[in-house]
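# Working through the structure, step by step
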Amino acid sequence: MALFPATFSEWSPENPEHAVAVLMSGGVDSSVTALLLRDEGWDVAGFTMKVPMADQCTHPSPCCGSEAAFVCKDLGIPHYFIDTEKVFEREIIAPFRHDYRHGLTPSPCIDCNTRLKFGLVWDLLEQAFAVKNLATGHYAKVINQPDGSYLAMGDDKKRDQSYFLYGVPQQRLAHLLLPMGGLEKTAVRSTASSHELRTSQRPDSMELCFAGEGDYRNALGSDLSPQGPICDTSGRVLGLHDGLHNFTVGQRRGIHVAGSEALYVLELDAAANRLVVGPQHKLLKSSLIVADLNILQPLLFTPGQQALVKVRSTMEPVECTIGAEHDLGVEIVFTEPIMAPAPGQHLVLYDDKEQVIAGGKIQKLISPESES
């Protein structure tokens, strides 16, 4: 991983303490982030990660295109591309493909934030420019208090992206700038338009950047699961599936087998290449085991502690209790069973101030009936 030469002009921060590197995708949020920080008096430079694209990608303007460079030129700030293709393939795409082949539900955007943006890329920028501060266009907030820095939900709850950022190292929170956290999306676009930013009308990114904003299957490669049996919970074969990679836990459409009631995907049994289906109530889970934890508030991550939890970025937080530690990780017990969490998904815990306590990856699910 390395920096390409400066796109237009070199960056030589005179005061690294008041300089900030802005990660820019070429979208409106990161463009406005750079604009706002520049206008606040920060010494700003933009950086764009060059990531590999799936062979099937036909999207005309992938996320690592030239838009970010020209926005920086318009703003009068330096810009660089970062060559992350090999490390992105190793750290993001390979695990993404591995998880799908093993019946898991990955979140490569979280992995990208944790391993690359707030890990290897931040390290590279700090080494190259002696700059500790990093900024992104995520809709989340960093709250700096005398006793420490806290990652919190953004004001625009429909856009909140704190779920995707839980992996930032705690010691780096004080140096993470998130200007979008206090803004609504309409205000961001209005600011971009009033400053005539070329990205002001660019559509929001909705899918995986390395799939070219297309179907995630574009990035799975050729090593896909073959046809296999569709079974009910008793093991009775109901039909054939066309590859486990085409399904996720909780899915109803596309199963193409009939039952006495609506059938949903309950489990992707990769070892046996089986798709297990059943009625919707079987998707309810009362607790689960989470591992690979990043703990941002250690004092609140203790057995018996009450918290709020999200197992998907778009869900409303629900009440839970932090349980005991097991061989596979830590148990999280829901106050009321929740619908369709899946192994491989990420779980994020919040306190009553909407601040992130910790996050990790779901390892094992526990159904209500298994506790009786």
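Residues numbered from 1 in each chain as written. Predicted model: local features only at pLDDT ≥ 70, side-chain atom pairs only at ≥ 80, totals over all residues. Heavy atoms only, no water.

When its secondary structure is counted, the protein shows 5 helices and 18 strands. Over its C-alpha atoms the protein spans a radius of gyration of 22 Å, differing by no more than 12% from the 21 Å that the globule rule assigns to 372 residues. Going through the 372 residues of the protein one by one, you find that 52% of them count as buried. Across the protein, every contact between residues at least 6 apart in sequence was considered, and the portion connecting residues at least 24 apart equals 66%. (Helix = DSSP H or I, 4+ residues; strand = E, 2+ residues; numbered from the N terminus. Rg over C-alpha atoms; globule rule 2.2 N^0.38 Å. Buried < 20%, exposed > 50% of the residue type's maximum accessible area, 1.4 Å probe, protein only. Contact = heavy atoms within 4.5 Å.)

The phi angle at Glu196 is positive, at roughly 55 degrees, despite the residue not being glycine. Residue position: Glu196 is located in the loop between α5 (185–194) and β9 (228–231). Since its relative accessible area comes to 70%, Glu196 is described here as exposed. Positive phi, close to 55 degrees, is recorded for Asn273, a residue that is not glycine. With respect to the helices and strands, the residue Asn273 is situated in the loop between β11 (264–269) and β12 (274–278).

Let us look at the pairing of strand β15 (residues 318–325). Note that strand β14 (residues 306–310) and β15 share 4 bridges and pair antiparallel. The residue of β15 that forms the bridge with Val309 is Val318. Relative to strand β16 (residues 330–339), β15 runs antiparallel, the two being bridged by 4 bridges. The partner of Thr321 across the bridge, within β16, is Val333. (Pairing = 2+ DSSP bridges.)

What follows concerns the side chain of Ser287. Looking at the secondary structure, you find Ser287 in strand β13 (residues 284–295). Polar contacts involving the side chain of Ser287 include one to the side chain of Glu331, which spans 3.0 Å. (Polar contact = N/O pair within 3.5 Å; in protein donor to acceptor, adjacent residues only side chain to side chain.)

Its axis deflected by about 35 degrees at Trp122, helix α4 (residues 108–129) carries its strongest bend there. The first or second residue beyond α4 is Ala130, which carries a positive phi of 55 degrees. (Bend = angle between axes of the 7 residues up to and from the residue.)

Residues Trp11, Phe47, Phe88, Leu116, Leu125, Leu151 and Leu176 are the most contacted members of the largest nonpolar core, which totals 42 residues. Those elements that provide at least two residues to this core are β2 (19–23), β3 (43–50), β4 (79–83), α3 (85–101), α4, β6 (140–145), β7 (148–153) and β17 (346–350). The leading source of residues in this core is α4, at 9 residues. If we ignore the near neighbours within four places in the chain, the residues touching Phe47 are Leu3, Trp11, Ala21, Val22, Leu23, Met24, His79, Tyr80, Ile82, Leu125 and Phe129. Formed by 22 residues, the second largest nonpolar core is a distinct cluster that contains Trp42, Val44, Ala135 and Tyr139. (Core = buried A, V, L, I, M, F, W, Y, C linked by side-chain atoms within 4.5 Å.)

Within a regular strand, the side chains alternate between the two sheet faces. Strand β18 (residues 356–366) sits mainly inside the fold: 8 of its 11 residues count as buried. Pairing of β13 with β18, which is carried by 7 bridges, proceeds in the antiparallel orientation. Opposite Ile295, over in β18, you have Ala358 as the bridge partner. Here 5 bridges tie β17 to β18, and the two strands are oriented antiparallel to one another. Counted as the bridge partner of His346 is Lys361 from β18. Counted between consecutive antiparallel strands, the loop separating β17 from β18 contains 5 residues, among which Glu354 sits at a positive phi close to 65 degrees.

Keep in mind that these numbers describe shape and distance, not what the molecule does.
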